[in-house]
Amino acid sequence: MQKISFKLEVFEGPMDVLLSLIAKHKLNIYDIEISSLLDQYLEYLEQCRQQDLELAGEFLEMAARLIYIKTASLLPRPEAAEKEKQALQGALIEYALCKQAAQTLKEQFIGDRIFCRKAMKIKFSGAYGRTHKSDVLLYAWNRMGQKHLQSDDQLKGSLQRVVSQPVVSVMSKVVYLMRKVWSGEHVYFGTLYHDIRERSARVALFLAVLELTKHGRIGISEDGTYVYRRTDYLLKRKRKNQNNLPQEGAI
């Protein structure tokens, strides 16, 4: 006699099984009939056993939980069973909402329908491409807290002065500062900034001082009035260079 077999749907966990049984037998998830749900759940476990399917311990744990709720509900004081039932219903409702949200996100995903043969090279310009009316620019300038302007001609002159100001790199001031401290033991900050008037140059020099101090190339006096060359940095660099030299007789 040919053995009867049937196909079981694969579920991710016991909560998934319970939701499927609730939907299949049209049970009220907000007021679950534990007896009917337990019978259907035990039947599913029996079908899995007949098909020699291995079940995780969480499936058996859920069966024990349902049996406990059903048994406790038959006692004279079923408050504990009702509390456990409400906790199970809340978990099922939360799990159902998560599955619904996951399905919605899955439908919105389009990554599997996009294919790019090779990386696209997009040409772009760093220049600002939009145009604005002069009254809009004048309003924006005055809102920036700058000197209040009354006319477009005043705005044009101010913008030309801002654009024409040179931009000084931090690296150029690093070289400038190292030359200063290399020629003497220390250099006062007043001397460093004496001949520098442009705002960009002064900011670049300040950043250069921070960068060289961070890497130990120079130090700042305790009273903060001058910078000096770090001799310990030079000694460490000299020892490092000597250690990197090939030893006599080495291949």
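Residues numbered from 1 in each chain as written. Predicted model: local features only at pLDDT ≥ 70, side-chain atom pairs only at ≥ 80, totals over all residues. Heavy atoms only, no water.

As for the overall build of the protein
(1) Moving on: The helix and strand tally for the protein stands at 10 helices and three strands.
(2) Moving on: Ordering the α and β elements of the protein from the N terminus gives α-α-α-α-α-α-α-β-α-α-β-β-α.
(3) Moving on: When contacts within the protein are restricted to residue pairs at least 6 apart in sequence, long-range pairs at least 24 apart make up 54% of them.
(4) Moving on: When the accessible surface of the protein is split by element, carbon and sulfur atoms take 55% of a total near 20,300 Å². (Helix = DSSP H or I, 4+ residues; strand = E, 2+ residues; numbered from the N terminus. Contact = heavy atoms within 4.5 Å. Areas by Shrake-Rupley, 256 points an atom, 1.4 Å probe, with all protein chains shown as cover.)

A look at the nonpolar core
(1) Moving on: Leu18, Leu37, Tyr41, Leu66 and Leu92 are the most contacted members of the largest nonpolar core, which totals 23 residues.
(2) Moving on: Listing elements by their share of this core, those giving two or more residues are α1 (14-24), α2 (34-50), α3 (57-73) and α4 (79-108).
(3) Moving on: In terms of residues, this core owes the most to one element, α2, which gives seven residues.
(4) Moving on: With sequence-adjacent residues up to four places away left out, leucine 66 is seen in contact with Leu18, Ile34, Leu37, Leu38, Tyr41 and Leu88.
(5) Moving on: Counting residues in hydrophobic clusters, the runner-up holds 16 residues, among them Met178, Leu205, Val209 and Ile218. (Core = buried A, V, L, I, M, F, W, Y, C linked by side-chain atoms within 4.5 Å. Buried < 20%, exposed > 50% of the residue type's maximum accessible area, 1.4 Å probe, protein only.)

Considerations on the pattern of salt bridges
(1) Moving on: What the rule picks out here adds up to three salt bridges.
(2) Moving on: Of the charged contacts in the structure, one is a salt bridge between lysine 99 and aspartate 16, with a shortest N-O distance of 2.7 Å. Of this pair, lysine 99 sits in helix α4 while aspartate 16 is found in helix α1, placing the two residues 83 residues apart along the sequence.
(3) Moving on: Look at lysine 99 and you get partly exposed, because its relative accessible area is 40%.
(4) Moving on: For aspartate 16, a relative accessible area of 9% puts it in the buried group.
(5) Moving on: The partner of glutamate 84 in a salt bridge is arginine 65, with the nearest N and O atoms 2.8 Å apart. Here glutamate 84 is found in helix α4, whereas its partner arginine 65 is found in helix α3, with 19 residues between them in sequence. (Salt bridge = Lys/Arg side-chain N within 4 Å of Asp/Glu carboxyl O.)

With respect to the sheet that holds strand β1 (residues 186-188)
(1) Moving on: Spatial strand order, β1-β3-β2: three strands in an open sheet with antiparallel pairing. Across the chains shown, the open sheet's two edge strands, defined by having one partner strand only, are β1 and β2 (218-220). Looking at each pair of strands side by side, their axes are set apart by 25° on average, direction ignored.
(2) Moving on: Strand direction decides the pairing type here: β1 and strand β3 (residues 226-229), joined by three bridges, are antiparallel. Paired with histidine 186 across the strands is tyrosine 228, a residue of β3.
(3) Moving on: Sitting on the sheet, helix α7 (residues 170-182) touches β1, β2 and β3, and the angle it makes with β3 is about 75°. (Pairing = 2+ DSSP bridges. Axes fitted to C-alpha atoms, helices over the stretch in contact; angles between N-to-C directions.)

Some thoughts on a nonpolar patch on the surface
(1) Moving on: Residues Val170, Val203, Phe206, Leu207 and Leu210 make up a contiguous nonpolar surface patch of roughly 400 Å² in combined accessible area.
(2) Moving on: By residue number, the principal contributor to the nonpolar patch is helix α9 (residues 199-214), which donates four residues.
(3) Moving on: Within the fold, valine 170 resides in helix α7.
(4) Moving on: Since its relative accessible area comes to 30%, valine 170 is described here as partly exposed. (Patch = residues over 30% accessible without salt bridge, like charges linked within 9 Å, V, L, I, M, F, W, Y side chains within 5 Å.)

What about α3?
It helps to recall that an α-helix has 3.6 residues per turn; residues three or four apart then point in one direction.
(1) Moving on: Along its 17 residues, α3 runs 25 Å from first to last C-alpha, staying within 8% of the 24 Å computed at 1.5 Å per residue.
(2) Moving on: Each element contacted by the buried residues of α3 is listed here: α1, α2 and α4. (Expected span 1.5 Å × (residues − 1).)

Comments concerning unusual backbone geometry
Most of the time, phi is negative for any residue but glycine, and the peptide bond is trans.
(1) Moving on: Residues other than glycine seldom take positive phi values, yet lysine 26 does so here, at roughly 55°.
(2) Moving on: Along the chain, the position of lysine 26 falls in the loop between α1 and α2.

Notes on the side chain of serine 221
(1) Moving on: Considering the arrangement of structural elements, one finds serine 221 in the loop between β2 and β3.
(2) Moving on: Not counting the four nearest positions on each side in its chain, serine 221 is found in contact with Tyr226 and Tyr228.

Quick look at the packing of aromatic side chains
(1) Moving on: According to the stated counting rule, one finds two aromatic pairs in the structure shown.
(2) Moving on: Ring centres 5.5 Å apart and planes at 70° place the aromatic pair tyrosine 188 and tyrosine 226 in the edge-to-face group. Here tyrosine 226 lies in strand β3 and tyrosine 188 lies in strand β1, a separation of 38 residues in the sequence.
(3) Moving on: Tyrosine 188 gets classed as partly exposed once you look at its relative accessible area, which sits at 43%. (Phe/Tyr/Trp six-rings, centres within 6.5 Å; stacked < 30°, edge-to-face > 60°.)

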